[in-house]
Amino acid sequence: MNCKSLFFTAVFLVTSSLVVAQQATKKEITLEDIWQKGTFSQKSVYGFSSLKNGKEYTTLATKSATSYAILKYNYVTGKLVDTLLKSSDLTYNGKVLELADYSFSADENKLLIATEQEAIYRRSTKEYNYVYDRILRTVTPLSATQTAKESYATFSPDGTQIAFVRENNIFIKNMFSGREIQITKDGEKNKIINGSADWVYEEEFEFAQAFSWSLDGSRIAYYKFDEAAVKNFHLPIYDNLYPTDYQYKYPKAGEANAKVSIHVYATETKQTTTIDLGKETDQYIPRIKWTKTANRLCVLRMNRAQNQLDYLLANTNTGAVTVMLTEKSDTYVEIHDDLFFLPNSFITGSERSGYRHLYQFNFGGQRISQLTKGKFDVTAVYGVDENAYKAYYQTSEGSPLQRNVYSADFYGSRKRKLTTQQGTNNAVFSANFSYFLNYHTAAGVPLTVTLHDRGGKLIRTLENNTPLREKLSTYNLSKKEFFSFRTSDNTLLNGWMIKPTNFDVTKKYPVLMFVYGGPGSQTVTDSWGGSNDMWYHLLAAKGYMVVSVDGRGTGARGTAFKNCTYLDLGNKEVIDQTEAAKWLATQPNVDGTRIGIQGWSFGGYMSSLCITKAADVFKMAIAVAPVTNWRFYDSVYTERFLRTPQENKKGYDDNSPINFVEKLKGPYLLIHGTADDNVHFQNATEMIKELVKQNKKFDSAYYPDKNHGIFGGNTRLHLYTKMTDFIEANL
């Protein structure tokens, strides 16, 4: 026998024993750690606001709802310069106000304070607002009567007025006289909305405040939504002996939308001008934005098919418009906020090259320059510095898994990478672009917030989550590993996997695939995954391999990859998840007979399609808040990718899980909140009807009065306990 072999065998056994012993001393994650105790919550820099001088910023330091302070710091030194407000300063009628949000007037001597804030939908809120005068140290209610809560209270650019919405109408408060003027009077619930977005605009065009001050404060441009033709949706709220019937307007695919008009109110003349949007009323106005000129408003007009976007330049004195620029697509045009006006030109984002990039145009629509170019997407734009002729932005350059911050001049030269750490970088710039905070995470690495100068030089670290990093080192965690593979049609797909704790190369493990897969989305990024990732680590400790794969239709890989699912939503996506499962089944440490899939929202739709259309591949599935029939979902989102059911019946029927229930074989868990205003509970009930009709076994869990997020109290703990138990019993 070879003595050297004996020696190395002994060393291997001792080393292996030490590794096992070290792992055994580490703690295991519990569901209570993740969803109840907040054990893995990370710290950040909250309430951050750059002051006008660009040298100082404020943050909100909070101990409790009634114990807080707004603190002013110097960017460079990090030293506390001043305490602008303490909770004791915000006392009204003998009561300390709860601070939900704050904003400054133009001279920064007044603060607009939001209190008693209530969420309405995903982005909308209503609250009572107060004005705190830093000079006089007084607290004054925005509305003297406070008969109803306000929304979107906003200082005029000169700080002399505040506009806000109350009960579907727009009001202006004069800061000198204290007088309150109502500028619209036709607002009515579920009929006319002024100054606030309707449900579908808020959800799909991603804004709630639907009014904007001109730069000189002389005008307010606002949306009016006429919802009369939109059908009501009813949500029962189980809060009384007889449940409350909550009704709101929800336009489903192929059904009537609200008619939208744009109006401009002049504060001096008190006259309102209606902008001429053309004869077509079945269209969208996804954005408005003021130019540098007080009477020139840019209005973005999109056809209902969402494949043509017009940039209109409106004269707000007459309402007349001219078309500055038109974007067209064979599929759909993406809406974004990358629109910045210069005195005689504007900078905006476009996918005309096959990737999202930044361009400069004159008001006649002629291209002046292209600021960014290459086979990567600009994924965020932080702003434009007119004085330095520079744009600051984030891209996926180098890898769709990564994000970095760059600057480039208006002519596409002098591009500079401002961040150096691998992973995901996201910036917040100071008012004059002298500094930026970089928010960095990576796989398994929680947030670090650092301060940099405009060239990217590190000045100091504001937050590095050292306690959380030390805490993570005491738990038995596997590393998230990235991989890629090619499908049968040679498409390269990216994924990550978390292997079971104490991974044994001689064993085969069951796999749980996590999927989202919606158009333009990503689950496979080099970033901190938060609570969800900790749940995956918990499953890994129980002996499961957890995997996620971004299939066709997902983001940061160009327009062709993202838009290839057009008119056939769900088809290629399911093929790719199925091929990923089949590829995994060929790996030496995977038990190909035990591959399950789980997803939420679009991911729940995907997991439902996978367990039906690919029933021979997936052993089990969990679907949380899934769309089960695209006819049940909203007009803007669904028609963007499928057109209307009247135009594309096949696209709807061939890719809705409700139509493939007869193929179901494996265990299926369906979960939904009964008060889901986004993906209605109707999706679950109609799916169940078909499951019963086809005599298919299934499990279900429903959360009364919970919305699409299904959270609050012990809800998340209960939900994830339910899913964990189901996985252990069926995979």
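If you're wondering where the values come from, they're calculated on a predicted model, not measured in any experiment. (Residues numbered from 1 in each chain as written. Predicted model: local features only at pLDDT ≥ 70, side-chain atom pairs only at ≥ 80, totals over all residues. Heavy atoms only, no water.)

On a plain count of helices and strands, the protein comes out with 12 helices and 45 strands. The globule rule puts the C-alpha radius of gyration for 731 residues at 27 Å, and the 27 Å found for the protein is close to it. Taking the principal axes of its C-alpha atoms as reference, the protein extends roughly 100 × 60 × 60 Å. When each of the 731 residues of the protein is scored for burial, the buried share is 56%. Excluding contacts between residues fewer than 6 apart, the proportion of contacts in the protein whose partners are at least 24 apart in sequence is 56%. Element-wise, carbon and sulfur atoms account for 49% of the exposed surface of the protein, whose accessible area totals about 31,500 Å². (Helix = DSSP H or I, 4+ residues; strand = E, 2+ residues; numbered from the N terminus. Rg over C-alpha atoms; globule rule 2.2 N^0.38 Å. Buried < 20%, exposed > 50% of the residue type's maximum accessible area, 1.4 Å probe, protein only. Contact = heavy atoms within 4.5 Å. Areas by Shrake-Rupley, 256 points an atom, 1.4 Å probe, with all protein chains shown as cover.)

Judged by pairing direction, the sheet is mixed, and its 8 strands sit side by side in the order β38-β39-β41-β40-β42-β43-β44-β45 without closing on themselves. Edge strands, defined here as strands with exactly one partner in the open sheet, are β38 (480-486) and β45 (699-703). Within this sheet the neighbouring strands show an average axis-to-axis angle of 20 degrees, counted without direction. Both strand β42 (residues 590-600) and strand β43 (residues 620-624) contribute to a ladder of 5 bridges, which runs parallel. (Pairing = 2+ DSSP bridges. Axes fitted to C-alpha atoms, helices over the stretch in contact; angles between N-to-C directions.)

What the 4 strands build is an open sheet, ordered β1-β2-β3-β4; its pairing is antiparallel. Every other strand in the sheet has two partners, leaving β1 (49-50) and β4 (80-86) as the edge strands with one partner each. Relative to strand β2 (residues 56-64), β1 is paired through 2 bridges, and the arrangement is antiparallel. Within β2, the residue paired with Ser50 across the bridge is Tyr57.

Here we take up the packing of aromatic side chains. This structure, assessed with the given rule, holds 56 aromatic pairs. With centroids separated by 5.7 Å and ring planes inclined at 20 degrees, the aromatic side chains of Tyr57 and Tyr73 adopt a geometry described as stacked. Here Tyr57 is found in strand β2, whereas its partner Tyr73 is found in strand β3 (residues 67-74), with 16 residues between them in sequence. Of note, Lys289 hangs over the ring of Phe340, and the distance from its end group to the ring centre comes to 4.9 Å. When the ring centre of Phe503 is taken as origin, the NZ or CZ atom of Lys499, which lies over that ring, is 4.8 Å away. (Phe/Tyr/Trp six-rings, centres within 6.5 Å; stacked < 30°, edge-to-face > 60°. Lys NZ or Arg CZ within 6 Å of the ring centre and 35° of its normal.)

Here the focus is the confidence of the model for the protein. Put simply, the protein has an average pLDDT of 94, and 97% of its residues get 70 or more. Per-residue pLDDT stays below 50 along residues 1-21; that stretch engages in 1 contact with residues further than four places along the chain or on separate chains. (pLDDT = per-residue confidence, 0-100.)

Our focus in this paragraph is helix α9 (residues 635-642). Burial analysis of α9 places 8 of its 8 residues in the buried class, which makes it a mostly covered element. Residues of α9 that are buried include every one of Ser635, Val636, Tyr637, Thr638, Glu639, Arg640, Phe641 and Leu642, and no others. Tucked inside the fold, the buried residues of α9 contact α3 (199-205), β22 (283-290), α8 (602-613) and α10 (649-653). Capping the start of α9 is the job of one residue whose side-chain oxygen sits 3.1 Å from the backbone nitrogen of Val636: Asp634. Looking at the residues trailing α9, positive phi occurs at Arg643, about 60 degrees. (Polar contact = N/O pair within 3.5 Å; in protein donor to acceptor, adjacent residues only side chain to side chain.)

On to the pattern of salt bridges. For the structure shown, the criterion picks out 31 salt bridges. For Arg122, the salt bridge goes to Glu203, with nearest N and O atoms at 2.8 Å. Here Glu203 lies in helix α3 and Arg122 lies in the loop between β8 (110-119) and β9 (125-133), a separation of 81 residues in the sequence. Arg356 is the partner of Glu351 in a salt bridge, and the nearest nitrogen-oxygen pair spans 3.2 Å. Of the two residues, Glu351 and Arg356, neither departs from the other in class, the shared state being buried. (Salt bridge = Lys/Arg side-chain N within 4 Å of Asp/Glu carboxyl O.)

Our focus in this paragraph is the nonpolar core. Ranked by internal contacts, the top residues of the largest apolar core, which has 98 residues, are Tyr201, Tyr223, Met513, Phe618 and Trp630. If one sorts the elements of this core by residue count, α8 sits on top with 6 residues. The next biggest cluster of nonpolar side chains, apart from the first, holds 40 residues, and it includes Trp496, Leu512, Leu539 and Ile710. (Core = buried A, V, L, I, M, F, W, Y, C linked by side-chain atoms within 4.5 Å.)

The terminal C-alpha atoms of helix α11 (residues 682-693) lie 16 Å apart, and with 12 residues this matches the ideal 16 Å at 1.5 Å per residue to within 8%. When α11 is considered as a whole, its buried residues turn out to be Asn683, Ala684, Met687, Ile688, Glu690 and Leu691. Angular distribution of buried residues about the axis of α11 spans 165 degrees; they occupy a single face of the element. Set apart from the buried face of α11 by more than 90 degrees, the exposed residues are Lys689, Val692 and Lys693. Each element contacted by the buried residues of α11 is listed here: β44 (668-673) and β45. Asn695 sits one or two residues past α11 and shows a positive phi near 55 degrees. (Expected span 1.5 Å × (residues − 1). Arc of directions from axis to C-beta.)

This brings us to unusual backbone geometry. For Arg137, which is not glycine, the phi dihedral falls at a positive 55 degrees. Tracing the chain through its elements places Arg137 in the loop between β9 and β10 (138-141). On the basis of relative accessibility, which here comes to 51%, the residue Arg137 falls in the exposed class. The backbone of Arg414 shows a phi angle near 55 degrees, a positive value even though the residue is not glycine. The topology assignment puts Arg414 in the loop between β32 (404-409) and β33 (416-417). Arg414 gets classed as exposed once you look at its relative accessible area, which sits at 70%.

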